[in-house]
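# Examining the three-dimensional arrangement
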Amino acid sequence: LQTPDRCRQANPSDHRFLSEFMSRRSCPSLLAVAMALAVSAGACLGAGLKAEGLKCEYRVNPLGLDTPQPRLSWRLEASERGQRQTAYQVLAATSPALLSQGKGDLWDSGKVAAVESVHVVYGGQPLRAGQRVYWKVRAWDRNDRPSAYSAAAWWEMGLLAPSDWHAAWITRPRAKARTEQEM
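Structural notes, computed from the coordinates. These figures come from a predicted structure and were not determined experimentally. (Residues numbered from 1 in each chain as written. Predicted model: local features only at pLDDT ≥ 70, side-chain atom pairs only at ≥ 80, totals over all residues. Heavy atoms only, no water.)

Let us now look at the environment of Gln-89. Structurally, Gln-89 can be placed in strand E3 (residues 87-93). For Gln-89, a relative accessible area of 8% puts it in the buried group. With sequence-adjacent residues up to four places away left out, Gln-89 is seen in contact with Asp-108, Ser-109, Gly-110, Lys-136, Val-137, Arg-138, Trp-140 and Tyr-149. Within the structure, the side chain of Gln-89 is placed 2.8 Å from the side chain of Asp-108, a separation counted as a polar contact. There is a polar contact of 3.0 Å between the side chain of Gln-89 and the side chain of Tyr-149. (Helix = DSSP H or I, 4+ residues; strand = E, 2+ residues; numbered from the N terminus. Buried < 20%, exposed > 50% of the residue type's maximum accessible area, 1.4 Å probe, protein only. Contact = heavy atoms within 4.5 Å. Polar contact = N/O pair within 3.5 Å; in protein donor to acceptor, adjacent residues only side chain to side chain.)

Right, here's the structure in full:
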């Protein structure tokens, strides 16, 4: 396509330039480029959802959980009216470094098509007593656009079985048995 002379010679500072440009179909390729840029800019904005307020068993960063498969929950913030979650992905890792790299060495749920954001049961590797788990989540909106991952949260496991308890009673030293002569 060749650009007509009147488009090349128009002075952009002239206020009539824009109105003439928009009213005529003399520069359709520029209009098509502008539309393509607007559409791609909208796609780059990401999902209309944001996962926040991560909780595990109704608490923020809890210590001493005694359930082997804790339930996870998050709150959704929407940037536009009528948004909803259509899917989610949970990553759970043994360290914040792995989590920040997008690696869930304990659990990567993958994209799960579900609207639930409350009582999502941990489905990863078995957890040990005293283990700390770092996790984050992202959600897909009604247009199937993924959000950014949430800020990381964590939970720490408690003692899960009687065999996890290793302690001795704290008492005063036992007195040496006295003989009859010492009494």
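Now that the structure is up, let's keep going.
Here we come to the sheet that holds strand E7 (residues 153-156). What the four strands build is an open sheet, ordered E4-E3-E6-E7; its pairing is antiparallel. The strands lining the two open edges of the sheet, one partner per strand, are strand E4 (107-108) and E7. Across four bridges, strand E6 (residues 132-140) lies against E7 in antiparallel orientation. Pairing of Trp-135 across the sheet is with Ala-153, part of E7. (Pairing = 2+ DSSP bridges.)

The way to describe two aromatic rings as a pair is by their centre distance and the angle between their planes. Counted by the stated rule, this structure contains four aromatic pairs. Three or more aromatic residues joined by ring pairs make a cluster, and in this case those are Trp-107, Tyr-122, Trp-135 and Trp-155. Note that Arg-132 overlies the ring of Trp-154, its terminal NZ or CZ placed 3.6 Å from the centroid. A cation sits over an aromatic face here: Lys-136 above Tyr-149, 4.6 Å from the ring centre. (Phe/Tyr/Trp six-rings, centres within 6.5 Å; stacked < 30°, edge-to-face > 60°. Lys NZ or Arg CZ within 6 Å of the ring centre and 35° of its normal.)

One open sheet holds the three strands; their spatial order is E1-E2-E5, and the pairing between them is antiparallel. The strands lining the two open edges of the sheet, one partner per strand, are strand E1 (49-56) and strand E5 (120-121). Summarising the sheet, strand E2 (residues 71-78) and E5 pair through two bridges and their orientation is antiparallel. From the neighbouring strand, Arg-71 faces E5, where its bridge partner is Val-121.

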